[in-house]
Amino acid sequence: MVSKSIICYLDGPANALAINRDSTQVVVAGRNVFKIFNIEEEEFVERLNLRVGKNLNLNFSCADVVWNPVEDNILATAATNGAVVTWNINKTSRSKQDMVFQDHKRSVNKVCFHTIEPHILLSGSQDGTMKCFDLRKKEASSTFYSLSESVRDVKFSPHHYFLFAAVQENGNVQIWDMRRTDRYEKQFTAHTGPVFTCDWHPEERRWLATGGRDKTIKIWDLSMKPMVEHCIQTIASVARIKWRPQQKFHIASCSLVIDFTINVWDIRRPFVPLAAFNEHKDVSTGFAWHHEPHIILSTSKDSTLYLHVFKDAIRPADHANPIGLDISCYGDISYAASNKIVRNGRSSFKGESYSSTKLPVFFRKHPSASDQFRSAVSSIFVFKNDGDKFLSMTWFIESARRYILSGRSFAELCEHNASVASDLQRPHVAQTWRILKLLYNAVPNLGAEHSWGVPSVGSISEMLKGIERDEAFDNSQEGSKSSRHNSGNTFKNRHQSGSKQSSRHVSGGTGNGVATTDRPDTSGATDNSTDSEESDNDKTITNIASGLGNTQGDFFFGDGETDQLMGFQCTLSQAPTIDSAQDWNLPGEAFQPRHPIKDCSPPPELDNAPSSPTSFDEDYIETKSMVGINGEVYDYTKLLMTPEVPSSPAWVFNDVIVDMLHYFAAQGDVQMCVSVLLVLGERFKGFVDETTQEQWFHSYIEILSCFQLWNVANKVISLSTISSISSLNQQSTTIHTLCGNCRRQMTRIGWFCDRCKIMPTQCSVCHQAVRGLYAWCQGCAHGGHLQHIQEWLQYHPWCPTGCGHLCEYT
Amino acid sequence: MNNTQALFAETFLQNNRLDHVTQLMGYHPQYLDPFLRTQNYILKGDGPLPFDYRHYIAIMASARHRCTYLVKLQIQEFLRQEGNKEWLNGLHQVPQKLRDLDELNKILAHQPWLFNKSHIEKLTKGKDNWSLSEVIHAIILLAHFHCLSTFVFGCGINPEIDLNEGHTFQHVTVPCNTQAINDCDSTQVDDVGVELLMLKMKTISEQHEESTQEERLMCFQKEQNQSAELISGFDNMSLPKSDVQRYTSDPDFSYQDFARHREASEITTFRIQDYSWEDHGFSLLNRLYNDAGTFLDEKFKIAYDMTYHRMGSKNNVDTSTFRRAIWNYIQCLYGIRHDDYNYKEVNELLEKNLKTNIKTLCCYPERTTKSDYDNVMREFRHSEKVHVNIMMLEARMQAELLYALRAIMRYMT
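Looking at an unreviewed UniProt entry, one finds chain B named Sestrin homolog isoform X3, with Limulus polyphemus as its source organism. As stated in UniProt under Sequence similarities (unreviewed entry), the record for chain B gives "Belongs to the sestrin family." A UniProt comment under Subcellular location (unreviewed entry) is attached to chain B, and it reads "Cytoplasm".

As recorded in an unreviewed UniProt entry, chain A goes by GATOR2 complex protein WDR24 and comes from Limulus polyphemus. Turning to chain A, the UniProt record has this under Sequence similarities (unreviewed entry): "Belongs to the WD repeat WDR24 family."

Shown next as C-alpha cells:
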C-alpha cells in the first residue's frame, strides 16, 4: 500500500475533497475543477473528469462534495449557486450529472449522506434551512428551519438512525431528529461567532466535535446536558475537522485563513499538535482520512492534491522540550526536565548553598505506538536552599516579624529597627535606619530650641562617626559652607560701603547665614525688618541685642568665650562634625570668589516651627542684632558668625530619602520602603507619589501573604495612610446570618428573612426580634435576649417556650 | 425613542456635539448604536495609529469625495488632537508616510478592484514604512469615511451650525455641494408604487423558474452594463475646484464601470463565495487589528438584517428581497458577485430612477442633488430613505474592505 507522500497538481483551486468507501478513489471539487483520481501506489491517476459538457454552469462550481458511503458510484455536491447536485459515475453518457435540486435560495454550504441509507441526502444552506432529499423520489422530502442566518455544516450521526447535527452561523449547535421537522431536539451555544464545522466521533457515541471562527475546537459530551469535554486552541479559525479512524483521541483540523497546515491533535494534549502537514502553499480547504489511519489526503487553494503519510509529518512536540522550573518563596528550587536534556537522570547545581537532597524521579509514559506523542521521561529535582544566600528569605521573615512600625517615639522605632537589621547582618539597612533617626529626629529639635540637650548631641556625633558619608550630604555641606563664607565677606564689604541698598542685600545674606544655622525660615522676616527699620537700626538693635543676651541664656552670648562657643557649635551642627575643624579654620581666608547662594534658600519647614512659639522671636531678634551691628563691632560679629558656619540644616534631605526609597525598591526590598514610609508617617508626606507608594504596599503585602505572615500584613494595611490600601482589610467583613427556616442568607436585614417573612431570631420571653446578643440553650435551641433569659432563669429552671427542657446556660 | 435619546446623550458627551449624521441615523437606533461604537473605536479606541494620523486619514478620505462637511468636522478633531497645523495646507506638507497613503485612498474610493498586493508591498517596504496592522487601520478609516461621505450626500446633510454656511439662510434647505442640475424635473417619474413593488416581490418569492446558469451570468453582466449606461451623461461633467482637494491628488481619477474594466483587463469578477466577509475577512481583520472585526461584523449584520416589516404606508411586509436587491446591486457595481443570487431580481425591483440614484451615490456621491433625493422612492418615508442610505454605506464599505483584505491576505501568503 501507499508508503510515501504523493502530490498531484490540479487545474484550479479546490474547495473540497472526498474519498470513497474503500479508499481507492478520491474526488476533488472546486470552482473550476471536478475530478476523480485513483489512489495508486506511487501516484494519483486521473480516472474521470466530471467537469465536462458544453454547459459548464455554476452547478459545476462546488463548495462541498461527498461520496455515498454505501453506493460507490454516487456523488453529491453543494453548488455555490444554491443547487444540490448528484452525480452517477456509472452513467454511460459523457456527462455524469444526475439530479439537480434548486430548492435552496442561497449557497449550499455542506451536504451529507446518511450513513446507512444511500438515498437520503442532507444539505445545509446559507438561507438558514436544511433540506433532506430522497434520491428515490428525486425531491426534497423535508425542510428544517434553523431560525438562524445560515447553516454552516450538517452531519448525520453514525450511531443513531434519525439524528443529525447542524451548526449555525450564530454559534449554535442543533441536534435534530429527522422525523420532526418543526423543532430541534437540542440546541446549545458552542462558540462565539460562527461554527464552521462539526464531526461525530466514529466510535464514542456521546462525542461531537465542533470548530469555529473563535479559533477553538471543542469536544462536546452530549449524553446529558451538553458539556465541553476538551477544548483545543488553534491559531486561526477552524474550517474543517475530522476524527481520525481507529485512534480515539485524534482529530485533524484545517483552518480558513492564515494557517496552511493540517494539524492532527490529540485532544488530551490541547496545546501542541501531535502532527502537522505543512506542504500546502495556500489555505487547505479539504482533507479526508484514508481508511488506513496513517494516511491523510488533502487539497488546497494552491491547486494541489496531496497524500500525506504519517511518518513524513512534522512533530511539533519534538521541537519542544518539556521542562519546568520554579522557585519557592523560601528559595528552594525545583526543576523538572526530560531525560534527554538531563543526562543519566541526574542534575547538578552550580552553587554552594544548595543541596539537591531529594531526587524523586518520576516517569510519565505514553503507550508507545509509533504515531503517538513521543514518550517523555522526565525527572524532577528539588534543590533545597540551606545556605543563607541570595535566595534565602529568612531576613525578610525575621524583619517582618520584628520590625516595629508604630506605637513608640520615632527615635525608638528607628533604633529598634536598626538593631533588628544589624542582628540579621544587614549593616546597610541598619545604618539607613540610624541615619533616618538622625535626620528626622534632629531637625525639629534644632529648629525649636537652642537649649540643646548636650547628651543627645554627643550621641549623635558618636553615631555619625560610623556612618559612611553620603555624597550628597557632603556636597550640600560644601555648598552651604562656601556660601556662608561669602556672606561673611559681603557683610564686611557692605558695611564699609554703607550704601542703603547694598545693606539690604547684605542683611539678606547674613540673614540667611544666621537663619540657616537654626531656622531657615526666618530669612524673609529679616529682610522685611531691615527694610522698614533701616533708620533706627542701631538703637533698637542694640536694645534688642542686649535683651537677646539675656534671653539667650548663658552659654550663647553670656560668656563671650568664643572658643567654647565654637566648640559647642561644632558639635551642635547636626551633620558635619568631621569637617568642622577645617571649616573652623577657613574663615581666616576672607576673600573667596562669590558663589551663587543656592543652598541658602531652603524650603522653610514651617510645620516644625510652631512647636515653640518663642523661637521665632528669638531668631528674629538674633538676626537683627547681626544686621544692626556696625563697623565697630564687626570683629565680634565675625567671630559670632564663623562658628555657625558648619551648622547648616538648610540641606534638603527629603529628596535624598526619596532616592533612597527608590534605591531599595529597585533592589527588590519593598519591605524597607514600606517600613520607612510607615515609620516616617506624617514627616514624609507627599514626597513619593501615591501610586508608587500603593505599588510598594501592594507588593509588600503580597510577599507577606506568601510567607503567611497575615498579622504583619494586616498591621501594614491598617497603618497605611493611603486609602486604597487601608481599606483592603475592610472589605467583605460582613458575616450574614442565615435564616433557620429557608437556610438563606439574610442580606438586607440581619434579623428578618425577606423570603419567609419571619423573624428567625425571636426572643422566647418577649417575642420580639433579637437584634443584638442572642443567648440560647444548646439543649433545646431556644433562647432570646441575653437579659431576658437571665431574668427568666432567676426564677425558672425550664425553658421559657414551654418545651419542657431544663435549660442550662454556661 | 428612549434608546435614541440615550445614544444622542452619549454622543454629545463624547464629541461635544450631536452632529447631523448622528441625528439623522437616530431614525434607526438599532443601527446607530453599532455605528457609533465602531466609529468611536476606530477613531478613539486602541489602535496602531496615532490619533492625529487617524483624523488626517479621515480628512483625506472625505476629501476624495469632496465632502466638505466631513472634512471640516475632521479638521476640528484633528486640531483637537494637537495635529500639526501645517498639514492642513495640503498633502505636500505631510510626512511621506501619510502621503504614501494617497494612492490607496484613490483606488479604494473609486476602483477598489485595482487594489492588489503590490500596493501593500509598497507601503510596508522601505524607510519609515507602515506596519501591516497600521495599514489595516488606515484602510478601515478610509473605507469608513468614503462610505460616510456617501451617506452624507445621500441624505443631504447640512453643515453643522458652527461651520461655514451652517447659518446661512438660503443654504439651510439645500444639501452641501449643490450643483445646479435642474434637468431632474424633466426626468419622467417612473417610480414604482409601493404596491407594485410588493407585488413583484411576492411573485419573485413564489416563482421558482429554472433559469439556466448562462442566463444568470448574462443577467449579472447585463446588470453591470446597464448600470454603466445609467449615468453616462454625467461623465464629462466636471465639478468646480474645491478647497478640500488639497488633501488628495489626481482629482480626475474616478469610478469607472467595472464592466468596462473587465473587458479591458484581466481583472476577474470577485466571487463572494470564494472570499466572504464572514469567513475570511473577519478572521483576517481581527487578527491584525484586535476587535475591529467584531465591531464591523455587528454593524454589517444589523445593516443587512434591519427591517421594520414596513414599506411606505404598508405594514407587515417582508422586505428582505428588496433589501437584498439593493445590497447586491451595490456590490455588483464594484464587481462583486453572489453566485446564489439571480440578478434579474434587481432589474425587477429597482426602478431605473432608484438605480441611478444608488449608482450616483456610491460612485460619484459629490454629484448628488436634492432633487435626486426627492425623486426616488416617492412613496417611502424619510426614515426608509435613510435606511436605504445606510445600506449603501455598509454594502459599499464591505465591498471596499473585501477587496482590501483579499489583497492583504495575498500579500501575507
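Next comes the rest of the write-up.
For the overall build of chain A, give the residues involved together with the corresponding values.
Secondary structure assignment for chain A yields 19 helices and 36 strands. Taken over 810 residues, chain A has a buried fraction of 51%. For chain A, restricting intrachain contacts to residue pairs at least 6 apart in sequence, the fraction spanning at least 24 positions comes to 52%. Accessible surface, chain A: about 38,700 Å² in total, of which carbon and sulfur atoms supply 51%.

Let's hear about helix α8 (residues 132-154) of chain B: which residues, and what values?
Over its 23 residues, α8(B) runs 33 Å from end to end, which matches the ideal 33 Å to within 8%, given 1.5 Å per residue. Counting buried positions along α8(B) gives 22 out of 23 residues, so the element sits mostly inside the fold.

Describe helix α15 (residues 670-680) of chain A, with residues and values.
Residues and elements named next belong to chain A. Burial within α15 is extensive, with eleven of its eleven residues counted as buried. Restricting attention to buried positions, one finds in α15 the residues Val-670, Gln-671, Met-672, Cys-673, Val-674, Ser-675, Val-676, Leu-677, Leu-678, Val-679 and Leu-680. Immediately beyond the C-terminal end of α15, within one or two residues, lies Gly-681, with a positive phi of roughly 55°.

Just give me the short version of the nonpolar core, but keep the residues and values in it.
Residue and element names in this part refer to chain B. In terms of nonpolar packing, the biggest core is built from 127 residues, with Tyr-56, Ile-140, Phe-151, Phe-322, Leu-350 and Ile-358 touching the most fellow members. Broken down by element, the residue count for this core peaks at 17 residues, all from helix α18 (residues 382-412). Setting aside chain neighbours within four positions, we find Phe-322 in contact with Leu-197, Met-201, Met-311, Leu-349, Leu-350, Leu-354 and Phe-380.

Could you give an account of the interface of chain A and chain B, naming the residues involved and the relevant values?
Listed per partner, the contact involves 25 residues of chain A and 24 residues of chain B. Between chain A and chain B, the buried area comes to about 2,400 Å², and carbon and sulfur atoms account for 46% of it. In terms of surface lost to chain B, no three residues of chain A exceed A:Arg31, A:Arg213 and A:Ile258, which account for 25% of the buried area on that side. In this assembly, chain A and chain B are joined by five salt bridges. Close ionic contact of B:Asp279 with A:Arg152 constitutes a salt bridge, the shortest N to O distance being 2.5 Å. Inspection of the chain A/chain B interface yields twelve residue pairs in polar contact (both at pLDDT 80 or more). Classifying every residue of the side of chain A that touches chain B by side-chain character gives seven nonpolar, ten polar and eight charged.

Tell me about the pattern of salt bridges, and name the residues and values.
Residues and elements named next belong to chain A. Counting across every chain of the model gives 34 salt bridges over all chains. Here Asp-423 makes a salt bridge to Arg-402, at a shortest N to O gap of 2.7 Å. Highlighted residues: Asp-423 in helix α2 (residues 410-423) and Arg-402 in helix α1 (residues 394-402), separated in sequence by 21 residues. A relative accessible area of 31% means that Arg-402 is categorised as partly exposed. Each of Glu-204, Arg-206, Asp-221, Glu-229 and Lys-248 takes part in one network of salt bridges that share partners.

Conventions used here
Residues numbered from 1 in each chain as written. Chains lettered and ligands numbered in written order. Predicted model: local features only at pLDDT ≥ 70, side-chain atom pairs only at ≥ 80, totals over all residues. Heavy atoms only, no water. UniProt positions renumbered as here; feature names shortened; annotations may be inferred. Helix = DSSP H or I, 4+ residues; strand = E, 2+ residues; numbered from the N terminus. Buried < 20%, exposed > 50% of the residue type's maximum accessible area, 1.4 Å probe, protein only. Contact = heavy atoms within 4.5 Å. Areas by Shrake-Rupley, 256 points an atom, 1.4 Å probe, with all protein chains shown as cover. Expected span 1.5 Å × (residues − 1). Core = buried A, V, L, I, M, F, W, Y, C linked by side-chain atoms within 4.5 Å. Buried area = accessible area lost by both parts, 1.4 Å probe. Salt bridge = Lys/Arg side-chain N within 4 Å of Asp/Glu carboxyl O. Polar contact = N/O pair within 3.5 Å; in protein donor to acceptor, adjacent residues only side chain to side chain. Nonpolar A, V, L, I, M, F, W, Y, C, P; charged D, E, K, R; others polar.

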